[in-house]
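Here is how the chains run, residue by residue.
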Amino acid sequence: MILRRFLHEKSGILREVPSKDALPDGYNQAMSNEAIAQQLLELAELTDYVGDSPFKSRAYRQAARTLETLQTPIETLAEGGAAALEAIPGIGEAIAEKILAYLHTGAIPKREQLLQQVPRGILEVMAVPGIGAKTARQLHERLGVSDLQSLRNALMSSAASSILGAQKRERLLRLVELKHKSQRRTPLGFALPRGRELLQAIQQLEGVENALLGGSVRRMHEDVGDLDYLVATAQSEQVIEAFVRLPHIAEVYSQGANRAQAFLSDGLQVDLKTVPPQSWGAGMLYITGSKAHSIRLRQRAIEHGLKLNEYGVWRSGECIASDTEEAMYAALGLPWIPPPLREDAGEFEAAEEGRLPHLVQLAQIRGELQSHSTWSDGFNTLEEMAQTAAALGYEYLAVTDHAHMLGANGDPMTAFEQRRREIEELNERLNGRPYLLNAIEVNILADGTPLAPDAMLRTAQLVLAGVHDDHGQPPEQMTQRLLRALEHPAVDILAHPTGRRYGKRPANDADWARIFERARALGKAVEINGYPTRMDPPTPIARMLVESGAWITLGTDAHAVRDLQAMELAVGLAQRAWATPERLLNTRSRDALLRWLSDRRSER
DNA sequence: GCCGTTTTCGGCCCGACTGTTTTCAGTCG
């Protein structure tokens, strides 16, 4: 939504990053990239507020975006000094210096200095949709507005009428109230079904020839700020009018001939953009973004003597491409780039050099490698889980009930044996469609020991190990803990590596490059977890994982039959990490998977 | 503040919507 996107893209106030208190001497690598990005975003906001050059704030924002998508830890690069940082596109002498200052002192001096000059809560005032730097400054200088509360007071009194018209005051008041409902970005797993439901309603509006859910959802971004729709129509105004009247829409922010912005009742923002049918491909490109990707494309157009907008590619006023995305990219001398890669994070260079990855697709997934049943904390029986996996066309389903929950009231090994017999019986009765693997998930204790009886570890067909408590250890300790778990001969897969949970806790800090390299050397796998509130590891770390060359598994962590649908999310995260099918165990047949397991077992 | 096989200075993506102290600037995607 405007509010959340604004906070995310401009000030970064609401990003899930560790608080400053949680960043002592050793920061998490990828997370400190994000922390510095947030500082730069705030610096950009402050720069706008004091009225410094808008090109400066743009440069700060650009650098912040680059840092967010950078998979190499900034500390590692900083070891090469300022010169190494300046080799990153969009980072020059001044920003390199700021990054180094942050790494050494935990603060950017320029940001600290500006914070002294501006009202305390001005960033949250500027986060209200429709209030930018100039308005915020006027509100402060003439009415003493310094935070959200004083903004609300000013809007409700007549004092604000000297600055803002009645319509604008009323609108801002509604948006300030909406802010309470829209504190965070929505995890993709929640946004996707809602977005699709609304898409169906839009597709049924009269005059709609084609409709698409674009934006960060189409790019499979782990969390989304708003839902972006594109509609192809010859009757734009009628479609817009019908759209804002849909029962889903709670509040209309703006409405014009070609675009509408509105809010759902829970504060989620919805944008709808129309294009003439012949501009469908150009519109798709526009609505999908990312912003950084679009800007690179437009710069590229200029370099080729062309112009790119949401209606097509133009040469001296004549449209040379517009109807498909493929044609748009081709007109710019590029192959079609898959949406999950569109972040200006190396996809242009890869496209030019002909090394765009052939991303893994959902249809290539032949089985599920993390699921739970009523034998531990799942809601459905083994048979129900198996039936659903069969309906999804899976060849296999690894039932990874939590080892420490088996036989909670008695002997765990007895329960494990009982479960094994039920699995065998089901495999016979279901004719191996799907084939159930007698697997377990074990907790990794604080010292790296997998928590399960030895006999269980030895006889389970597949062992997942994951951190479930004692989160937030110092990075080196967490690194040792995960390395030790990986080195245990029984462990096959490191599950949900960083432990992050949306709204609950940030990703754990560790030396991921070292951990993934060890996994690779040991021939073990690391999981990309698609459970909607996990989506673990986050994209930059997932991309490190792919680059490490280690084996990868996709798991939904399903605790109920409906959770098995989350494989789409795991695949999306893998795609954003540039994953191809080759190193993904789930793309292997049942026999190939069993061979991988037995090869590993014989090496013990 | 960044960047450059046309440039170390002078550019910096493109378009839509809102409201009016402002017929453009401010704001946003």
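Basis of the calculations
Residues numbered from 1 in each chain as written. Chains lettered and ligands numbered in written order. Predicted model: local features only at pLDDT ≥ 70, side-chain atom pairs only at ≥ 80, totals over all residues. Heavy atoms only, no water. Helix = DSSP H or I, 4+ residues; strand = E, 2+ residues; numbered from the N terminus. Rg over C-alpha atoms; globule rule 2.2 N^0.38 Å. Contact = heavy atoms within 4.5 Å. Areas by Shrake-Rupley, 256 points an atom, 1.4 Å probe, with all protein chains shown as cover. Lys, Arg positive; Asp, Glu negative; His and termini not counted. Charge placed at Lys NZ, Arg CZ, Asp CG, Glu CD. Pairing = 2+ DSSP bridges. Axes fitted to C-alpha atoms, helices over the stretch in contact; angles between N-to-C directions. Near = heavy atom within 4 Å. Polar contact = N/O pair within 3.5 Å; in protein donor to acceptor, adjacent residues only side chain to side chain. Core = buried A, V, L, I, M, F, W, Y, C linked by side-chain atoms within 4.5 Å. Buried < 20%, exposed > 50% of the residue type's maximum accessible area, 1.4 Å probe, protein only. Domains from an automatic or database assignment. Salt bridge = Lys/Arg side-chain N within 4 Å of Asp/Glu carboxyl O. Phe/Tyr/Trp six-rings, centres within 6.5 Å; stacked < 30°, edge-to-face > 60°. Lys NZ or Arg CZ within 6 Å of the ring centre and 35° of its normal. Left-handed = near helix turned anticlockwise from the far one by under 90°. Nonpolar A, V, L, I, M, F, W, Y, C, P; charged D, E, K, R; others polar.

### Examining the overall build of chain A
Helix and strand counts for chain A stand at 26 helices and 18 strands. Computed over C-alpha atoms, the radius of gyration of chain A comes to 26 Å, within 12% of the 25 Å expected from 2.2 N^0.38 for 604 residues, which places it in the range of a compact globule. Projected onto the principal axes, the alpha-carbon positions of chain A cover approximately 75 × 55 × 50 Å. Sequence-distant contacts in chain A: of pairs separated by 6 or more residues, those separated by 24 or more amount to 70%. Just so you have it, chain A exposes about 24,400 Å², and 49% of that area is on carbon and sulfur atoms. On chain A, the mean spot of the 68 positive side-chain charges and the mean spot of the 78 negative ones are 3 Å from each other.

### Quick word on the sheet that holds strand E10 (residues 318–321)
Reading across the sheet, the three strands line up as E8-E9-E10 and stay open at both edges, with antiparallel pairing between neighbours. Looking at the sheet topology across the chains shown, the edges are occupied by strand E8 (307–309) and E10. With strand direction ignored, the average angle separating the axes of adjacent strands in the sheet is 40°. Note: E8 against strand E9 (residues 312–315), three bridges, orientation antiparallel. Directly across from Lys 307, in E9, lies its bridge partner Trp 314.

### Here's the deal with the protein's contact with DNA strand B
Neighbouring residues of DNA strand B: 52 residues in total, closest Arg 58, Gly 92, Thr 135, Asn 258 and Arg 298. Restricting attention to atoms of DNA strand B within 4 Å of the protein, one finds that 73% of them are sugar or phosphate atoms. One of the side-chain nitrogen or oxygen atoms of Arg 58 is found 2.6 Å away from a phosphate oxygen of DNA strand B.

### Observations regarding the nonpolar core
Among the nonpolar cores identified, the biggest contains 91 residues, and Ile 202, Leu 227, Tyr 229, Phe 243, Ile 440, Ile 515 and Leu 554 are the most heavily contacted of them. Per element, the largest residue contribution to this core is seven residues, and it comes from helix H12 (residues 188–203). When residues of this core are assigned to domains, at least three map to each of domain 3 (184–275) and domain 5 (362–602).

### Describing the sheet that holds strand E7 (residues 269–275)
Reading across the sheet, the five strands line up as E2-E4-E7-E6-E5 and stay open at both edges, with mixed pairing between neighbours. The sheet terminates laterally at strand E2 (208–213) and strand E5 (249–255), the two strands that pair on one side only. Taking the axes of each pair of neighbouring strands and ignoring which way they run, one obtains an average angle of 25° across the sheet. Packing against the sheet, helix H14 (residues 236–244) makes contact with E2, strand E4 (226–233), E5, strand E6 (259–264) and E7, and its axis sits at approximately 145° to E5.

### Here we look at unusual backbone geometry
Cis geometry is adopted by the peptide bond preceding Ser 290, which originates at Gly 289 and carries an omega value of -5°. Note that Ser 290 resides in the loop between helix H15 (280–288) and helix H16 (291–303). Cis peptide bonds are those with omega within 30 degrees of zero, and the linkage from Arg 433 to Pro 434 qualifies with 0°. Looking at the secondary structure, you find Pro 434 in the loop between helix H20 (412–429) and strand E13 (435–444).

### Let's talk about the pattern of salt bridges
This model, assessed by the stated rule, comprises 37 salt bridges. Between Glu 42 and Arg 111 there is a salt bridge, with its nearest N and O atoms 2.7 Å apart. On the criterion of sequence distance, the pair formed by Glu 42 in helix H2 (residues 29–50) and Arg 111 in helix H7 (residues 109–117) is long-range, its members being 69 residues apart. Residue class for Glu 42 comes out buried when judged on its relative accessible area of 9%. For Arg 111, a relative accessible area of 5% gives the class buried.

### Describing the packing of aromatic side chains
Throughout the structure, instances matching the rule amount to three aromatic pairs. Between Tyr 253 and Phe 263, the ring centres sit 6.3 Å apart and the planes meet at 85°, which makes this aromatic pair edge-to-face. On the criterion of sequence distance, the pair formed by Tyr 253 in strand E5 and Phe 263 in strand E6 is long-range, its members being 10 residues apart. Plain terms: the ring middles of Trp 551 and Trp 596 are 6.2 Å apart, the flat faces sit at 75° to each other, and that makes the pair edge-to-face. Of this pair, Trp 551 sits in strand E18 (residues 551–555) while Trp 596 is found in helix H26 (residues 590–602), placing the two residues 45 residues apart along the sequence. Of the two residues, Trp 551 and Trp 596, both sit in the buried class. Positioned above the aromatic ring of Tyr 286 is the side chain of Lys 273, whose terminal nitrogen or guanidinium carbon lies 5.6 Å from the ring centre. Of note, Arg 583 hangs over the ring of Trp 551, and the distance from its end group to the ring centre comes to 3.9 Å.

### Focus: the pairing of E4
Regular strands place their side chains on alternate faces of the sheet. Of all eight residues making up E4, eight are buried, and the element is well covered by its neighbours. Where burial is concerned, the two faces of E4 agree: the one with Asp 226, Asp 228, Leu 230 and Ala 232 and the one with Leu 227, Tyr 229, Val 231 and Thr 233 are both buried. Relative to E4, E2 runs antiparallel, the two being bridged by five bridges. Residue pairing for E4: Leu 212 is matched across the bridge by Leu 230.

### As for the packing of helix H10 (residues 148–156) against helix H11 (residues 166–178)
Following both chains from N to C, one finds H10 and H11 inclined at 145°, their axes separated by 10 Å at the closest point. Once H10 is placed against H11, the crossing between them reads as left-handed. Residues Leu 148, Leu 151, Arg 152, Leu 155 and Met 156 of H10 lie in contact with H11, whose contacting residues are Arg 169, Leu 172, Leu 173, Val 176 and Glu 177. Within the contact of H10 with H11, the residues separate by chemical class into seven nonpolar, no polar and three charged.

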